[in-house]
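Each chain, written out:
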Number of protein chains: 2
Amino acid sequence: MAAKEGYILERQAGHLLRRAHQRHSAIFQEKIGDVQLTPLQFAALVKLRDVTEVSQNHLGRLTAMDAATMQGVIKRLASRNLIKRRPDPDDRRRLIVSLSSEGYELVNTLVSSGNDITAQTLEPLCPAERKQFLDLLAKLAQLSSNDASE
Amino acid sequence: MAAKEGYILERQAGHLLRRAHQRHSAIFQEKIGDVQLTPLQFAALVKLRDVTEVSQNHLGRLTAMDAATMQGVIKRLASRNLIKRRPDPDDRRRLIVSLSSEGYELVNTLVSSGNDITAQTLEPLCPAERKQFLDLLAKLAQLSSNDASE
DNA sequence: CTAAACTTGTTTGTACACCAATCAACTATA
DNA sequence: TATAGTTGATTGGTGTACAAACAAGTTTAG
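Residues numbered from 1 in each chain as written. Chains lettered and ligands numbered in written order. Predicted model: local features only at pLDDT ≥ 70, side-chain atom pairs only at ≥ 80, totals over all residues. Heavy atoms only, no water.

**Q** Would you take a moment to explain the overall build of chain A for this structure?
**A** Secondary structure summary: chain A contains 6 helices and 3 strands in total. The order of helices and strands in chain A, counted from the N terminus, is α-α-β-α-α-β-β-α-α. In summary, chain A has a C-alpha radius of gyration of 19 Å against a globular reference of 15 Å for 150 residues, an excess of more than 25%. In terms of overall dimensions, chain A has a C-alpha envelope of 60 × 40 × 25 Å along the principal axes. A burial count over chain A gives 49% of its 150 residues as buried. By element, 49% of the accessible surface of chain A is carried by carbon and sulfur atoms, the whole surface being about 7900 Å². Charged side chains of chain A number 21 positive and 18 negative; the gap between the two group centres comes to 4 Å. (Helix = DSSP H or I, 4+ residues; strand = E, 2+ residues; numbered from the N terminus. Rg over C-alpha atoms; globule rule 2.2 N^0.38 Å. Buried < 20%, exposed > 50% of the residue type's maximum accessible area, 1.4 Å probe, protein only. Areas by Shrake-Rupley, 256 points an atom, 1.4 Å probe, with all protein chains shown as cover. Lys, Arg positive; Asp, Glu negative; His and termini not counted. Charge placed at Lys NZ, Arg CZ, Asp CG, Glu CD.)

Quick look at the structure:
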């Protein structure tokens, strides 16, 4: 019959994560929205800057996007000529992606805003809390095994 | 000109929030997926259980969804007869929503799973860290002014 | 060898969430 | 009682996520 068991929405991890994410998105929008990049698109560009060249799928692993999501992100970035795609000569299933010079330049100008965004997101916390929070969050974000070698 | 300024994706608040959210969604799915409710639908039902009757828009404020999102959630819940809608006699713009008896019963059976979901989401942390984390997260989740009276 | 089973990379279809813009109904002001 | 401003709900468009499909590569048993 289950009479009203307690459940406080405002104390649920999922609800709070969602709201924190909303706030972060708003900040992201404010800082980077001008260039019409989404957080995922930005993540893909930044990671590509680090690794130079990878298969689409592998990039997905590096940025925590599933393959289908990655393909959409890549498609939109490619249509704006921010990245290049070419087939892998050794494996015809693979599409190798890399930054275009235009993309490379754009990422470099945005990276500092990227750092600002995290700073502003954590702004309600004192410095000690910020580190604490990121550490705890990192523990919670572990999904399964990580990337691989390539 | 900007030569490679540092930016570690894995330490950005947004990226970690997103991954934590992904993990939470997976847990939610595992625990509640059988009944085909999304986290937002569940939040709406649970909140409706608390307040009995509110306008659609106001429910959105209580659950941190914007009006457009709320309307989609309500529509889907109504199509499954989990909630009822009726016009507000005092304000013809408003739609007053409330749980159907079916919806009420469903929420009651799911609330304990809801609590499990948060527990399992926070499972990688020790009890002290859990409280810490939720407190910090709540600070970050503050957007602007809250609801209102009605 | 080579055919079957399995794995991995990419794409397609669908549902959902979010924003911006719109329209309708209420409120305040002059 | 007009007019401007505000609030409730809806619509359309974009982006993300999951599941399923398909194609290419690898492994294993005959």
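**Q** Help me out: how do you make sense of the protein's contact with DNA strand C in this one?
**A** Taken together, 21 residues lie near DNA strand C, and Asn57, Arg93 and Leu95 of chain A together with Arg92 and Arg93 of chain B sit nearest. In DNA strand C, the atoms that sit within 4 Å of the protein are 71% sugar and phosphate, with bases accounting for the remainder. Residue leucine 95 of chain A places a main-chain N or O atom 2.4 Å away from a phosphate oxygen belonging to DNA strand C. Contributions of two or more residues to the surface near DNA strand C are made by helix H1 (13–32), helix H3 (56–63), helix H4 (67–79) and strand S3 (91–99) of chain A together with helix H4 (67–79) and strand S3 (91–99) of chain B. Partitioned by chemical class, the residues of the surface near DNA strand C number 6 nonpolar, 6 polar and 9 charged. (Near = heavy atom within 4 Å. Polar contact = N/O pair within 3.5 Å; in protein donor to acceptor, adjacent residues only side chain to side chain. Nonpolar A, V, L, I, M, F, W, Y, C, P; charged D, E, K, R; others polar.)

**Q** Where do I start with the interface of chain A and chain B in this structure?
**A** At the junction of the two partners, chain A supplies 55 residues and chain B supplies 55 residues. Ranking the residues of chain A by area buried against chain B places Tyr7, Leu17 and Leu140 of chain A at the top, with a combined share of 13%. Summed over the shared surface of chain A and chain B, the result is 20 residue pairs in polar contact (both at pLDDT 80 or more). Tallying contributions element by element places H1 of chain A first for the side of chain A that touches chain B, with 12 residues. (Contact = heavy atoms within 4.5 Å. Buried area = accessible area lost by both parts, 1.4 Å probe.)

**Q** Even after reading the chapter, I still don't get the side chain of threonine 118 of chain B, so can you show me in this structure?
**A** Here threonine 118 of chain B lies in helix H5 (residues 101–121). Sequence-distant contacts of threonine 118 of chain B, that is, excluding residues within four places in its chain, are made with Arg11, Gln12 and Ala13 of chain A.

**Q** Can you walk me through the protein's contact with DNA strand D in this structure?
**A** Near DNA strand D there are 22 residues, and of these Thr38 and Arg92 of chain A together with Asn57, Arg93 and Leu95 of chain B occur at the shortest range. The sugar and phosphate moieties of DNA strand D supply 72% of its atoms located within 4 Å of the protein. For DNA strand D, a phosphate oxygen lies 2.7 Å from a polar atom in the side chain of threonine 38 of chain A. At 2.4 Å from a phosphate oxygen of DNA strand D is found a main-chain nitrogen or oxygen belonging to leucine 95 of chain B.

**Q** Please explain the relation of the copies chain A and chain B as it appears in this structure.
**A** For the match of chain A to chain B, the screw axis carries a shift of 0.0 Å, the RMSD comes to 0.1 Å, and the turn is 180°. When the rotation and shift are considered jointly, the pair of chain copies conforms to a two-fold rotation axis. Of the residues that chain A buries at the interface, 100% are likewise interface residues in chain B, meaning the two copies contact each other through the same surface. (Least-squares fit on C-alpha atoms with pLDDT ≥ 70 in both.)

**Q** Honestly, helix H2 (residues 39–51) of chain B in this entry has me stumped. Any pointers?
**A** Side chains of residues three or four places apart in an α-helix project in the same direction, reflecting 3.6 residues per turn. End to end, H2 of chain B covers 18 Å across 13 residues, agreeing with the expected 18 Å (1.5 Å per residue, within 8%). In the segment just after H2 of chain B, threonine 52 of chain B is the residue with positive phi, at about 70°. (Expected span 1.5 Å × (residues − 1).)

**Q** Can you walk me through the packing of aromatic side chains in this structure?
**A** Note on aromatic pairs: each is described by the distance of the centres and the angle between the planes. The full count for this structure, using the stated rule, is 5 aromatic pairs over all chains. An angle of 65° between the planes, with centres 6.1 Å apart, marks the rings of phenylalanine 28 of chain A and phenylalanine 42 of chain A as edge-to-face. A residue pair is termed long-range when its members are at least 10 positions apart, and phenylalanine 28 of chain A in helix H1 and phenylalanine 42 of chain A in helix H2 (residues 39–51) qualify at 14 residues. Judged by its relative accessible area of 4%, phenylalanine 28 of chain A is buried. Ring-pair connections join several aromatic residues into one group, and the members of that group are Tyr7 of chain A together with Phe28 and Phe42 of chain B. (Phe/Tyr/Trp six-rings, centres within 6.5 Å; stacked < 30°, edge-to-face > 60°.)

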